[in-house]
Amino acid sequence: MPTNPTPPSSASSKSGGGCCLVFVALPFIWFISTPFLPEEVFWFPFWLAAVIWNGADGQGGISHLLG
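Presented here is an overview of the structure given in this document.

Focus: the overall build of the protein chain
Helix and strand counts for the protein chain stand at 2 helices and 0 strands. Across the 67 residues of the protein chain, 4% fall into the buried class.

With respect to helix H1 (residues 18-33)
Under the 1.5 Å per step criterion, the end-to-end length of H1 is 22 Å for 16 residues, consistent within 8% with the ideal 22 Å. The axis of H1 is deflected most strongly, by about 30 degrees, at Ala 25, and proline Pro 27 appears within four residues downstream.

Some remarks on helix H2 (residues 39-54)
When the terminal C-alpha atoms of H2 are compared, their 22 Å separation across 16 residues agrees well with the 22 Å that a helix rising 1.5 Å per residue should span. At Pro 45, H2 shows its strongest bend, of approximately 40 degrees. One or two positions beyond H2, positive phi appears at Gly 55, with a value near 85 degrees.

Points about the packing of aromatic side chains
One pass over the full model with this rule turns up 6 aromatic pairs. A ring pair is formed by Trp 30 and Phe 42, whose centres lie 5.5 Å apart and whose planes are at 15 degrees; its orientation type is stacked. Linking Trp 30 in helix H1 with Phe 42 in helix H2, this pair joins segments that are 12 residues apart in sequence. Residue Phe 42 is classed as partly exposed on the basis of its relative accessible area of 26%. Site record: aromatic cluster; members linked through ring pairs are Trp 30, Phe 42, Trp 43 and Phe 46.

Definitions and limits used
Residues numbered from 1 in each chain as written. Predicted model: local features only at pLDDT ≥ 70, side-chain atom pairs only at ≥ 80, totals over all residues. Heavy atoms only, no water. Helix = DSSP H or I, 4+ residues; strand = E, 2+ residues; numbered from the N terminus. Buried < 20%, exposed > 50% of the residue type's maximum accessible area, 1.4 Å probe, protein only. Expected span 1.5 Å × (residues − 1). Bend = angle between axes of the 7 residues up to and from the residue. Phe/Tyr/Trp six-rings, centres within 6.5 Å; stacked < 30°, edge-to-face > 60°.

Treat this as a map of the structure, not an account of what it does.
If you want it as structure tokens, here you go:
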């Protein structure tokens, strides 16, 4: 009787892509919910991108890395 050292594969294997689905779904959820959000919450992603690009004081950020 031969023995197989590897266990049989599971029929319910997960692909591991579930964590990335959250980052894809969040912009869609935010866009759909914008009519119900306060104005400050609506503009938060744009403000965050501007702070990252220009820095909190408008003189830094990652924009100076590009020239």
